[in-house]
Amino acid sequence: LALRLAEAEVSVLIGSRDPARAASVVGELLEPWPDRGLEVEGVGNKAAAEADLVVAATPWEAAVETAGELAGELRGKVVVSVANALVKQGREMLALALPRGSVAQALQVALPASKVSAACHHLPAGPLGNLDKTVYADVLVCSDHEDAKDATIALLARIEGIRPLDAGSLAAAGPIEAFTAVLATLNMRYKVRSTLNFAGLEDI
Ligand SMILES: NC(=O)c1ccc[n+]([C@@H]2O[C@H](COP(=O)([O-])OP(=O)(O)OC[C@H]3O[C@@H](n4cnc5c(N)ncnc54)[C@H](OP(=O)(O)O)[C@@H]3O)[C@@H](O)[C@H]2O)c1
């Protein structure tokens, strides 16, 4: 996602618990694309203080704790939740039922002074990392804050091939996150990296 946003001329900061690790990850990300002028910098979790919009992209178990630690830095900002609470059982991925209904809703409770949106749950990181190939995908975006949803949609719309769609309030985050389990199971069984493309929305 960082690479794709950078290619869309967004200046991207990568967070981490360890700024040196963030810098090393950025080195690996940019190494195959030396001539594209991509602006990605690894800065550790001060990214939360410096960025205008923050994508919370830790494993789901760590999302609420990490966000809580950075609540001051995230005050007033749009925080995009991308996490899926899944567990693998045999050849199947299962969605976990969370007390707040979704990771995104739990993040919104942990960050009352921020505006949480949820997006990108069905976008596979691997294909996104190959900038030579456009990823054509619909991305469901939801939030209880219309301005946060609009900002998230505007950001994602900058990525070629991505069509962000308004999926309503944050109540939609539960089913959106849970459906990722189905996609992941399809991916395992058919050995593919599938994503979502809705029929019937061609004329919007
Ligand atoms: N991968 C995909 O295709 C994909 C697609 C859609 C959505 N997602 C969602 O995006 C999120 C990130 O996915 P990912 O594949 O990038 O996961 P990941 O590589 O396992 O984790 C991302 C980063 O989170 C940090 N992290 C790991 N454990 C942590 C902890 N206990 N506390 C705080 N930070 C921790 C690590 O950074 P540091 O060690 O540097 O701090 C790690 O590099 C997940 O919630 C996933 O469900 C992933």
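Residues numbered from 1 in each chain as written. Predicted model: local features only at pLDDT ≥ 70, side-chain atom pairs only at ≥ 80, totals over all residues. Heavy atoms only, no water.

**Structural notes on unusual backbone geometry**
Stated formally: Helix numbering and strand numbering both begin at the N terminus, where a helix is a DSSP run of H or I of at least 4 residues and a strand a DSSP run of E of at least 2.
Positive phi, close to 70°, is recorded for cysteine 120, a residue that is not glycine. Secondary-structure assignment places cysteine 120 in the loop between strand 7 (115-118) and helix 7 (125-128). Unusually for a residue other than glycine, lysine 191 sits at a positive phi of about 50°. Mapped onto the elements of the fold, lysine 191 is located in the segment after helix 9 (173-190).

**Focus: the side chain of threonine 185**
Our working rule: Contacts were defined at the residue level, with two residues in contact if any of their heavy atoms lie within 4.5 Å.
Its place among the elements puts threonine 185 in helix 9. What threonine 185 contacts, discounting residues up to four positions off in sequence, is Arg91, Glu92 and Met93.

**Some remarks on the sheet that holds strand 4 (residues 78-81)**
Heads up, the rule is: For two strands to pair, DSSP has to find at least two bridges joining them. The angle between two axes is taken between their N-to-C directions and runs from 0 to 180 degrees, where each axis is a line fitted to C-alpha atoms and a helix contributes only its stretch in contact.
The sheet built from 5 strands is open, its strands ordered 3-4-7-8-9 with mixed pairing. Here the strands that pair on one side only, and so sit at the sheet edges, are strand 3 (53-56) and strand 9 (162-166). The sheet shows a mean angle of 30° between the axes of neighbouring strands, taken without regard to direction. With 2 bridges joining them, strand 7 and strand 8 (residues 137-143) adopt antiparallel strand pairing. Note on strand 8: the bridge partner recorded for alanine 118 is cysteine 142. Contacting strand 3, strand 4 and strand 7, helix 6 (residues 103-110) runs over the sheet at an angle of about 175° to strand 7. The sheet contacts of helix 8 (residues 146-157) involve strand 3, strand 4, strand 7, strand 8 and strand 9, and relative to strand 9 the element is tilted by about 165°.

**Here's the deal with the packing of helix 4 (residues 60-69) against helix 6**
To keep things clear, this is the line we draw: Note on angle classes: values under 35 degrees are labelled roughly parallel, values over 145 roughly antiparallel, values of 65 to 115 roughly perpendicular, and the remainder oblique. Helix crossings fall into two classes, left-handed where the near helix is turned counterclockwise from the far one by less than a right angle and right-handed where it is turned clockwise. Classes in brief: Ala, Val, Leu, Ile, Met, Phe, Trp, Tyr, Cys and Pro nonpolar; Asp, Glu, Lys and Arg charged; the others, Gly included, polar.
Their axes nearest at 9 Å, the elements helix 4 and helix 6 cross at an angle of 15°. Comparing the axis directions of helix 4 and helix 6 gives the class roughly parallel. In this structure, helix 4 crosses over helix 6, and the sense of that crossing is right-handed. Taking contact as the criterion, the partners of Trp60, Ala63, Val64 and Ala67 in helix 4 are, on helix 6, Val103, Ala106, Leu107 and Ala110. Residues belonging to the contact of helix 4 with helix 6 are distributed by class as follows: 8 nonpolar, no polar and no charged.

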